[in-house]
Amino acid sequence: AGRFSSGKTLACADLMVMASQGGVSKEDLLFIDTDAGVRLYIMEDYYRDKFTVEECLLPEDLKKTLVRILKEEKKYKVMVIDTVENWQDLAIEETWADTSLSDIYKEKNTSFMWGRAKKAITKTLITLSAKKAEMLCLTHHARKEFVAKTWTGRWEAKYLEPFWNWADFIA
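What you see is a predicted model; the values in this text were computed from it and never measured. Residue numbering note: each chain is counted from 1, following its sequence as written. Owing to the predicted nature of the model, reporting of local features is limited to residues with pLDDT of at least 70; listing and counting of side-chain atom pairs is limited to 80 or more, with chain, interface and lining totals taken over all residues. With hydrogens and water stripped out, all remaining heavy atoms of the structure feed into the side-chain values.

## Regarding helix 3 (residues 59–71)
Now for step 1: Per the convention used, a helix needs a DSSP run of H or I reaching at least four residues, while a strand needs a run of E reaching at least two, with both numbered from the N terminus. Multiplying one less than the number of residues by 1.5 Å gives the expected span of a helix. If you check helix 3, its first and last C-alpha atoms are 18 Å apart, about what 13 residues at 1.5 Å a residue would give, namely 18 Å.
Now for step 2: Partly exposed describes any residue whose relative accessible area lies between the buried limit of under 20% and the exposed limit of over 50%, with all areas from a 1.4 Å probe on protein chains only and scaled to the type maximum. By the burial criterion, the buried members of helix 3 are L62, T65, L66 and I69. Angularly, the buried residues of helix 3 cover 95° about the axis, an arc narrow enough to put them on a single face. Exposed side of helix 3, more than 90 degrees from the buried face: K64 and K71 are the residues found there.
Now for step 3: Elements that come into contact with the buried residues of helix 3 comprise strand 1 (29–33), strand 2 (52–55), strand 3 (76–82), helix 4 (85–96) and helix 6 (110–132). It is the directions from the helix axis to the C-beta atoms that the arc portrays. Note on contacts: a residue pair qualifies if any of its non-hydrogen atoms lie within 4.5 Å across the two residues.

The structure is reproduced here in structure tokens:
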């Protein structure tokens, strides 16, 4: 996680190149780009044709891609989702848009609603990391950290708990 232009995409692209140089085929390296950040890098020879890129600039595109990946038999060596903000926002939006729940229920049970969104994210995370990728790399933007409505001078990731809880390594 990091601020805009802090090197999240570059770090993931470099990881993909290292895997490629280590003998992993382009087809086994998937970079899901949700903000067109990797476009600049894949124009350079060092990054070109080293890994597969899928642009998912709209949340609906990311959803279609994730649904397809979850259905297919393929398991990637490395999968990057840069960034997961669209995924997180989509899970929240779909949870709150659930027509099987009344507006009154949603208003009175906001903690349950957040729990439902987090459960949806967790379910997909478990499947991706257990069955679809040997290494799953996720990025997210950072925001200013506030304590008692005062900026601490530090930055924090905007991840919901499932991303933190599922991670083996956080930088």
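## Re the side chain of D33
Now for step 1: Along the chain, D33 falls in strand 1.
Now for step 2: Buried charge D33 goes without a salt bridge, the closest partner of opposite sign being R39 at 5.9 Å.
Now for step 3: Two N or O atoms form a polar contact when they lie within 3.5 Å of each other; inside protein one atom must be a possible hydrogen donor and the other a possible acceptor, and for residues adjacent in sequence the pair counts only when both atoms belong to side chains. At 3.3 Å, the side chain of D33 and the backbone nitrogen of D35 are in polar contact.
Now for step 4: Engagement of the side chain of D33 in a polar contact is seen with the backbone nitrogen of A36, the distance being 3.1 Å.
Now for step 5: Leaving out residues up to four positions away in the same chain, D33 has contacts with V38, R39, V53, E54, E55, C56, L57 and D82. By the counting scheme adopted, Arg and Lys are positive, Glu and Asp are negative, and His together with the chain ends is not counted. Think of a salt bridge as a Lys or Arg side-chain nitrogen and an Asp or Glu carboxyl oxygen that are within 4 Å of each other.

## Remarks on the confidence of the model for the protein
Now for step 1: Residue-level confidence of the predictor, termed pLDDT, takes values from 0 up to 100. Mean pLDDT over the protein: 90, with 98% of residues reaching 70 or higher.
Now for step 2: Mean pLDDT across the elements of the protein ranges from a minimum in helix 7 (residues 161–166), with 76, to a maximum in strand 1, with 97.

## Digging into helix 6
Three- or four-residue spacings in an α-helix give side chains the same orientation, since the helix completes a turn every 3.6 residues.
Now for step 1: With 23 residues, helix 6 extends 32 Å between its outermost C-alpha atoms, agreeing within 8% with the 33 Å of an ideal straight helix rising 1.5 Å per residue.
Now for step 2: All of the buried residues in helix 6 are M113, A117, I121, T124, L125, L128 and K132.
Now for step 3: Of the surrounding secondary structure, the elements contacted by the buried residues of helix 6 are helix 3, strand 3, helix 4, helix 5 (103–108), strand 4 (133–139) and helix 7.

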